[in-house]
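# Summary of the model geometry
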Amino acid sequence: MKLTLHVWRQAGPSQPGKMVKYEAKDIKPDMSFLEMLDVVNEGLTDRGEVPIAFDHDCREGICGMCSLMINGVAHGPMKGTATCQLHMRSFKDGDTIYIEPWRARAFPVIKDLVVDRSALDRIIQAGGFITANTGGARDANEILIPKESADDSMDAAACIACGACVAACPNASASLYTGAKITHLGLLPQGQPERYRRALKMVEQMELEDFGSCTLHGECQEACPKEISIDTITRMNRDFIRASVVGTRP
């Protein structure tokens, strides 16, 4: 395949950026999107040019590092797929592809396609600890948990903190991310002692990080590579309101 790429290039946070055109040649349909970028970077390196900076790590759809806007869509055209799992067979020979970083005030560009997503880490840190006894692990069947609660908790825990929900949201809200992190503990017995304090602190931190407000457009769940439901936002709002009005004790 031969493709035309328009890639956002920006030397640093305080430097101006622009779209730069590249030709991607000899691209195999079975390559991942990141492997395609590797091929382009090899050509740039051979020509003595600066390679394109982009985030990646596990390349297995787990770490959440592969944060790219592809033709205006977070993670590209395939639903429920991270960029590293997106294959070039999703495109046609001769296609033109626009590649940009996440666009959100809370995610400042570091270089090219790499953004600073440490705001998400600070939301997690604001949630603090959970109360758990030290020592040997308890028997798995000792604490009975309804299957529906366990399933919903596991679905929320699938969040890989990639930030696609923020990038896709017209308000750049982090509500789906925060809601998922609050939900996966809030549905389990182990998460109950700090449940309402956790919701209060994490939502307050989310607002401090300059994310936008949620207006339930639903773009976040469409862009999420793990297809996390906006139902988690409802649970987050319920716990936050309860903590704000009644207090943080269970």
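Summarised in this report is the structure supplied together with it. (Residues numbered from 1 in each chain as written. Predicted model: local features only at pLDDT ≥ 70, side-chain atom pairs only at ≥ 80, totals over all residues. Heavy atoms only, no water.)

## As for the layout of surface pockets
For the record, the criterion: The distinction between a cavity and a pocket rests on a 1 Å grid over the protein atoms alone: a 1.4 Å probe fits inside a cavity but cannot get out, while a pocket stays open yet meets protein on both sides within 12 Å along at least five of seven lines, and a residue with an atom within 4 Å of a point counts as lining. Grid points are joined across faces, edges and corners, and a volume is the space filled by probe spheres set on the points. Put simply, Ala, Val, Leu, Ile, Met, Phe, Trp, Tyr, Cys and Pro go in the nonpolar bin, Asp, Glu, Lys and Arg in the charged bin, and everything else, Gly too, in the polar bin. Runs of H or I in DSSP of at least four residues are treated as helices and runs of E of at least two as strands, each being numbered from the N terminus.
By volume, the largest pocket is sized at about 310 Å³. Lining the largest pocket are 15 residues, with Ala-132, Asn-133, Arg-138, Ile-143 and Gln-190 sitting closest to its centre. Broken down by class, the residue content of the lining of the largest pocket amounts to 7 nonpolar, 6 polar and 2 charged. Considered as a void within the structure, the second largest pocket measures approximately 190 Å³ in volume. Ser-173, Ser-175, Val-203, Met-206, Glu-207, Phe-211, Gly-212, Ser-213, Cys-214, Ile-233, Met-236 and Asn-237 together form the lining of the second largest pocket. For the lining of the second largest pocket, the elements supplying multiple residues, two or more each, are helix H6 (195–208) and helix H8 (231–245). Across the lining of the second largest pocket, the residue classes break down as 6 nonpolar, 5 polar and 1 charged.

## Overview of the sheet that holds strand E3 (residues 69–70)
Spelled out, the test is: Paired strands, as defined in this entry, are two strands with at least two bridges between them according to DSSP.
Pairing is mixed across the open sheet formed by 5 strands, whose spatial order is E2-E1-E5-E3-E4. Both outer strands of the open sheet, strand E2 (17–24) and strand E4 (73–74), are each paired with one neighbouring strand and no more. Here strand E1 (residues 3–10) pairs with E2 via 8 bridges, running antiparallel. Bridge assignment links Trp-8 to a residue of E2, and that residue is Met-19.

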